[in-house]
Amino acid sequence: MNAPTVFVVDNNPEVCSTIRQQIESLYLPVETFLSGNAFLAEYSIYRVGCLLVDLHMPGMDGLELQRRLNECKYRLPVIFMTSRGDIRSAVRAIKGGAMDYLEKPLSIEQLEPMLQKALKLDQKRQQARLKSAAIKARVDNLTPRERQVLNLVVHQQTNKNIARNLGVSIKTVEFHRSRVMQ
């Protein structure tokens, strides 16, 4: 698994450079992008990290980037930053799932605990995604009959009722059930 990374998206190269230096001083991996499109072209759901994004950018702004990530079901923790914030934008960001909303210039003392919290959250989410994918892969390997048995077991049916519903012997149900439980 990759090291948790802070992804910084800001259209101002100087701001990206300054934030990069601040984050690197915390010994955290950081990648910078000058647009939301550049970030989307590089990001993968398999990357663990958090997104520190400018609210106001030409083209795709931070809220649009957040919306696109949400559409793709990427639950990457998002922290917004802006030099000209307003309540309406802050509310939209938080309702969209943002972890926080900061005003520039950023202080590393303010940013560090937020980044640590966001990175830990995404690590937990990644572990859950991997566990879910492993379970799905195992279920996908079941035969159609084993899936039928699984469905009935989940609905708390006894082996006798499952056998009756499927028109098979109890021994057959026990065999399929033991395979499902593996």
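Fair warning: this is a prediction, and the values are worked out from it, not measured in the lab. (Residues numbered from 1 in each chain as written. Predicted model: local features only at pLDDT ≥ 70, side-chain atom pairs only at ≥ 80, totals over all residues. Heavy atoms only, no water.)

> So what about the overall build of the chain? Which residues, and what values?
Within the chain, the regular secondary structure consists of 8 helices and 5 strands. What you see in the chain, going N to C, is helices and strands ordered as β-α-β-α-β-α-β-α-β-α-α-α-α. In summary, the chain has a C-alpha radius of gyration of 23 Å against a globular reference of 16 Å for 182 residues, an excess of more than 25%. Reported as C-alpha extents along the three principal axes, the dimensions of the chain are approximately 70 × 35 × 25 Å. Long-range pairs, those at least 24 residues apart, make up 62% of the contacts in the chain with a sequence separation of at least 6. Here the chain displays about 10,800 Å² of accessible surface, and carbon together with sulfur accounts for 53% of that area. The averaged location of the 18 negative side-chain charges in the chain is 15 Å from the averaged location of its 26 positive side-chain charges. (Helix = DSSP H or I, 4+ residues; strand = E, 2+ residues; numbered from the N terminus. Rg over C-alpha atoms; globule rule 2.2 N^0.38 Å. Contact = heavy atoms within 4.5 Å. Areas by Shrake-Rupley, 256 points an atom, 1.4 Å probe, with all protein chains shown as cover. Lys, Arg positive; Asp, Glu negative; His and termini not counted. Charge placed at Lys NZ, Arg CZ, Asp CG, Glu CD.)

> Please provide a residue-by-residue account of unusual backbone geometry, values included.
The omega torsion across K104 and P105 is -5°, close enough to zero to call that bond cis. Along the chain, the position of P105 falls in the loop between β5 (100–103) and α5 (108–140). Residue Y27 is not a glycine yet carries a positive backbone phi of 60°. Looking at the secondary structure, you find Y27 in the loop between α1 (13–24) and β2 (30–33). Residues other than glycine seldom take positive phi values, yet K73 does so here, at roughly 65°. Within the secondary structure, K73 is located in the loop between α3 (62–71) and β4 (78–82).

> Give a detailed account of the pairing of β2, specifying residues and quantitative values.
Pairing analysis gives 4 bridges linking strand β1 (residues 5–9) to β2, with the strands arranged parallel. Residue pairing across strands places V8 opposite T32, the latter belonging to β2. Crossover connection from β1 via α1 to parallel β2: handedness right-handed. (Pairing = 2+ DSSP bridges. Right-handed = clockwise from strand over helix to strand, strands pointing away.)

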